[in-house]
Amino acid sequence: MKIIQFLQTVVFYSAIFSIGSAQAQANYPSKPINLVVPYGAGGSADSRSRQLAQKMSVILKQPIIVDNKPGAGGNIGTEFVARATPDGYTIGMGNFAPMAVNKTLFGNLRYDPEIDISPIILIEKGPLVLVVHPNSPYKTILDIVTAAKAKPGTLTFSSGGIGGSHQLSAELFMQNAGIKMIHVPYKSGSAGLTDLMGGNVDMMFDQMYSAVPSIKADKLRPIAITSKKRSPLLPNVPSFAEVGYPKVEVLNWQGFIAPAKTPKPIIDKLNAAANEALKDPQLRELMLSQGNEIGGGTPAEFGALIKAEAAKWSAVVKAGNIKPE
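Residues numbered from 1 in each chain as written. Predicted model: local features only at pLDDT ≥ 70, side-chain atom pairs only at ≥ 80, totals over all residues. Heavy atoms only, no water.

Let's shift gears to the overall build of the chain. Looking only at helices and strands, the chain features 13 helices and ten strands. With respect to the principal axes defined by its C-alpha atoms, the chain has extents near 85 × 40 × 30 Å. Here the chain holds 325 residues, and 48% of them are scored as buried. Partitioning the contacts of the chain with sequence separation of at least 6, the portion at a separation of at least 24 is 78%. In the chain, which carries 32 positive and 24 negative side-chain charges, the distance between the mean positions of the two groups comes to 3 Å. (Helix = DSSP H or I, 4+ residues; strand = E, 2+ residues; numbered from the N terminus. Buried < 20%, exposed > 50% of the residue type's maximum accessible area, 1.4 Å probe, protein only. Contact = heavy atoms within 4.5 Å. Lys, Arg positive; Asp, Glu negative; His and termini not counted. Charge placed at Lys NZ, Arg CZ, Asp CG, Glu CD.)

The following block contains the structure:
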């Protein structure tokens, strides 16, 4: 009899919990949402997060508060999201390196992007452009490959740090071209670009939003772009595919994520709000002006991108024997 009463009590409270959980999901969001950015204030991830947060706050009728948690190549902020309560009130900006590279690069990562994270939506993705100093003797990819093969390990390229899209673009290029160059990492992409413009390194793979203004000011010379096709912003710059390296395709990306086990109705509501925000004409114009492709779509589509990117960059990191600082 006591066992039956115990089981009835368990069933009763389980039903109460289920009803309460369903009501909470239906009323979501009923308080401010915390949006964790795994990089510092002022960068592209931070700026885009704040732009989306403003528009989604109006749609969801609740404030979305951006919380910067930089460090360890994006791992600190991303782990914070992975360990948060899966109730939809802590979400994050999931970026290229911490979501698709760092698991292989660091080895002892304390979160697994495929297990501990629920994708919400892809926000954007954009190519990088290989640039040199305007006075550089290198005017084409063939010039660079020829020089690198003539004197292996002498040409230099800068980056914003080990394991980011700057370095990995160069690593992918080297692996496909059969050349070896010297990596010169800096604390930020802007510092690496500044030293390139100062003539202290030979080249850099840089983000479009960062490189294009300097290209238009004749402070940099573009060589090739990492997208399949040419960019409308640089119509005279060939893609790597055009010059014989179709596998050198790199699109730096970012999108919203949540802790694993966040209820699907909440993920779907956030996805719908972000898709709606991405329709904003001013935001779209800004993203396109920076050379990016506008994201959107379903959580499953973003999840498939993360999985494919993780497999691709794991192979590149291992082949290049890349180690963290």
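Given a rise of 1.5 Å per residue, 22 residues ought to cover 32 Å, and the 31 Å separating the end C-alpha atoms of helix α13 (residues 299-320) matches this to within 8%. Within the span of α13, buried status applies to Pro299, Phe302, Ile306, Glu309, Ala310, Trp313, Ser314, Val316 and Val317. What you see down the axis of α13 is that its buried residues fit within an arc of 165°, all on one side. Within α13, the exposed residues directed more than 90 degrees away from the buried face are Ala300, Lys307, Ala311, Lys318 and Ala319. (Expected span 1.5 Å × (residues − 1). Arc of directions from axis to C-beta.)

Quick look at the packing of aromatic side chains now. Per the stated rule, a full pass over the model turns up eight aromatic pairs. Between Phe96 and Trp253, the aromatic rings sit 6.3 Å apart at their centres with planes inclined by 75°, giving edge-to-face as the arrangement. Of this pair, Phe96 sits in helix α4 (residues 96-100) while Trp253 sits in strand β9 (residues 251-259), and the two are 157 residues apart along the sequence. As far as the burial class goes, Phe96 and Trp253 line up, both buried. Cluster of aromatic residues (ring-pair linked, three or more members): Phe96, Trp253, Phe302 and Trp313. When the ring centre of Tyr89 is taken as origin, the NZ or CZ atom of Lys31, which lies over that ring, is 4.7 Å away. Its end group placed over the ring of Phe80, Lys69 keeps NZ or CZ at 4.5 Å from the ring centre. (Phe/Tyr/Trp six-rings, centres within 6.5 Å; stacked < 30°, edge-to-face > 60°. Lys NZ or Arg CZ within 6 Å of the ring centre and 35° of its normal.)

The subject of this paragraph is the packing of helix α8 (residues 165-177) against α13. Relative orientation of the contacting elements α8 and α13 amounts to 70°, with a least axis distance of 10 Å. Considering their axes alone, α8 and α13 lie roughly perpendicular with respect to each other. Contacts between α8 and α13 involve Leu168, Glu171, Leu172 and Gln175 from the former and Lys312, Trp313, Val316, Val317, Ala319 and Gly320 from the latter. Its residues assigned to classes, the contact of α8 with α13 shows six nonpolar, two polar and two charged. (Axes fitted to C-alpha atoms, helices over the stretch in contact; angles between N-to-C directions. Parallel < 35°, antiparallel > 145°, perpendicular 65-115°, else oblique. Nonpolar A, V, L, I, M, F, W, Y, C, P; charged D, E, K, R; others polar.)

With that settled, consider the environment of Glu124. Within the secondary structure, Glu124 is located in strand β4 (residues 117-132). Assessed through its relative accessible area of 5%, Glu124 is described here as buried. Each C-alpha atom of the pair Glu124 and Arg48 lies 9.5 Å from the other, and the pair is 76 residues apart in sequence. Glu124 has contacts with Arg48, Asn252, Trp253, Gln254, Met287, Asn292, Glu293 and Gly295, leaving out every residue within four places of it along the chain. Within polar-contact distance, the side chain of Glu124 engages the side chain of Arg48 at 2.9 Å. Polar contacts involving the side chain of Glu124 include one to the side chain of Asn292, which spans 3.0 Å. (Polar contact = N/O pair within 3.5 Å; in protein donor to acceptor, adjacent residues only side chain to side chain.)

Moving on to the environment of Glu171. Tracing the sequence through the fold places Glu171 in helix α8. When residues no more than four places from it in sequence are discounted, the contact partners of Glu171 are Val316, Gly320 and Ile322.

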